[in-house]
Amino acid sequence: MANSTVLLLGPLAAVMLHEILLRRTEVDHLALSIIITSCIAYCTIVYLAGFLSANAVSASFWVPLWLYIGIYRAYFHPLQKYPGPFGAKLSKWWTVKQNWDTDLHFHRKLQELQREYGDYVRTGMSGERGRFCIKRVLTSRPGPRELTIFDVDAIPTVLGIQSKTSKGPLFDIMDKSLHLNRDKQFHRQRRRVWDNAFKTCVCSYSHESCHSHIVQLYRTTLPRLKSSPNNCSHVYESTKVVP
């Protein structure tokens, strides 16, 4: 009777974990903690009840959890109304496979998805931009919670001052700067400095210098690109604009 109760509580605990924590919290940075906690719990059950009981309890929890997550992502997720490959709705591993199949040129796959599904596609890739692709994590990672937007008109809505969207957890591990941070107050403070740098009077002062360097870069690289692929890094280095 006790074993039956434990096996019944496993699926219930899995559903409660998803509804209370996983759906409402960014767990991206908690992966290591979850793995360590799971290992400790498994070893404890092995010590107290043996391997068979530990495997049964683990299966009663993890199998229903993954099934519940898969069903939720495919049919009940807030992004489920957006079209996209079915595999991308379920797991980030779909993106890993696409990267492997395209030799790490996922932007080509994004172009195919745009032609097939339109300007709003539910995908499983973060940080990738093809030609002109606005990619924004509308909720949070992983991939099944990501939407790739190809619509230029969405720029003000997604990236504008009045935007209600926020950057994904990936930006927490980067250096804190104007673009690579999630703190809107910090962004506003840094933005004031950049706004002064891009005032009309300042830009007009450096316009001629920038224009001459752009013309030089164009005239230097174009003949080389027409003939064959070349390493033009030294050309870019020599045409840097020094303020």
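The paragraphs below set out a description of the structure included in this document. (Residues numbered from 1 in each chain as written. Predicted model: local features only at pLDDT ≥ 70, side-chain atom pairs only at ≥ 80, totals over all residues. Heavy atoms only, no water.)

**What to know about unusual backbone geometry**
Then comes step 1: With a phi close to 55°, D103 is a non-glycine residue in the positive phi region.
Then comes step 2: At L104, a residue that is not glycine, the phi angle is positive and equals roughly 65°.
Then comes step 3: Note that L104 resides in the loop between helix 5 (93–101) and helix 6 (106–117). (Helix = DSSP H or I, 4+ residues; strand = E, 2+ residues; numbered from the N terminus.)

**Some remarks on the packing of aromatic side chains**
Then comes step 1: Evaluated as defined, the whole model comprises three aromatic pairs.
Then comes step 2: Seen in terms of ring centroids, W62 and W66 are 6.3 Å apart; in terms of plane orientation they differ by 25°. Their pairing is stacked. A residue pair is termed a helical-turn pair when its members lie 3 or 4 positions apart in one helix, as W62 and W66 do in helix 3 (residues 51–76) at four residues.
Then comes step 3: Residue classification places W62 among the partly exposed residues on the basis of a relative accessible area of 31%.
Then comes step 4: Judged by centre distance (6.3 Å) and plane angle (85°), the rings of W94 and F106 are edge-to-face. A residue pair is termed long-range when its members are at least 10 positions apart, and W94 in helix 5 and F106 in helix 6 qualify at twelve residues.
Then comes step 5: Residue F106 is classed as buried on the basis of its relative accessible area, which comes to 0%.
Then comes step 6: The rings of F61, W62 and W66 are connected pair by pair, giving a single aromatic cluster. (Phe/Tyr/Trp six-rings, centres within 6.5 Å; stacked < 30°, edge-to-face > 60°. Buried < 20%, exposed > 50% of the residue type's maximum accessible area, 1.4 Å probe, protein only.)

**Considering the pattern of salt bridges**
Then comes step 1: This model, assessed by the stated rule, comprises four salt bridges.
Then comes step 2: Note that R23 is salt-bridged to E19, the shortest N-O span being 2.7 Å.
Then comes step 3: Salt-bridge contacts for E112 lead to K109; the nearest nitrogen and oxygen are separated by 3.7 Å. Within this pair, E112 and its partner K109 are both found in helix 6, separated by three residues, close to a single helical turn.
Then comes step 4: Overall, the relative accessible area of 41% leaves E112 in the partly exposed class. (Salt bridge = Lys/Arg side-chain N within 4 Å of Asp/Glu carboxyl O.)

**Regarding helix 5**
Then comes step 1: Listed in full, the buried residues belonging to helix 5 are W94, T95, Q98 and N99. Buried residues of helix 5, viewed axially, fall in a sector of 135°; they line one side. Turned more than 90 degrees from where helix 5 packs its buried face, W93 and W100 sit exposed.
Then comes step 2: Structurally, helix 5 contributes buried residues whose contacts are with helix 4 (86–90) and helix 6.
Then comes step 3: Backbone geometry just after helix 5 places D103 at a positive phi near 55°. (Arc of directions from axis to C-beta. Contact = heavy atoms within 4.5 Å.)

**Here we look at a nonpolar patch on the surface**
Then comes step 1: A cluster of nonpolar side chains, namely L9, L12, M16, I20 and L21, defines an oily patch on the protein surface of about 460 Å² accessible area.
Then comes step 2: Along the chain, L12 turns up in helix 1 (residues 2–22).
Then comes step 3: By relative accessible area, which is 47% here, L12 ends up partly exposed. (Patch = residues over 30% accessible without salt bridge, like charges linked within 9 Å, V, L, I, M, F, W, Y side chains within 5 Å. Areas by Shrake-Rupley, 256 points an atom, 1.4 Å probe, with all protein chains shown as cover.)

**Here we look at the nonpolar core**
Then comes step 1: Judged by nonpolar contacts, A88, W94, F106, L110, L113, V121 and F150 together constitute the single largest core of seven residues.
Then comes step 2: In terms of residue count, the dominant contributor to this core is helix 6 (three residues).
Then comes step 3: Contacts of W94, omitting those with residues within four sequence positions, involve P85, G87, A88, F106, K109 and L113.
Then comes step 4: Formed by six residues, the second largest nonpolar core is a distinct cluster that contains A14, L22, V27 and L65. (Core = buried A, V, L, I, M, F, W, Y, C linked by side-chain atoms within 4.5 Å.)

**Considering the packing of helix 5 against helix 6**
Then comes step 1: It is the contact of helix 5 with helix 6, at a shortest axis distance of 8 Å, that shows an interaxial angle of 110°. As judged from the angle between their axes, helix 5 and helix 6 are roughly perpendicular. With respect to the hand of their crossing, helix 5 and helix 6 are arranged in right-handed fashion. Facing helix 5, whose interface residues are W94, T95, Q98 and N99, helix 6 presents F106, K109 and L113.
Then comes step 2: Its residues assigned to classes, the contact of helix 5 with helix 6 shows three nonpolar, three polar and one charged. (Axes fitted to C-alpha atoms, helices over the stretch in contact; angles between N-to-C directions. Parallel < 35°, antiparallel > 145°, perpendicular 65-115°, else oblique. Left-handed = near helix turned anticlockwise from the far one by under 90°. Nonpolar A, V, L, I, M, F, W, Y, C, P; charged D, E, K, R; others polar.)

On their own, these measurements won't tell you what the molecule is for.
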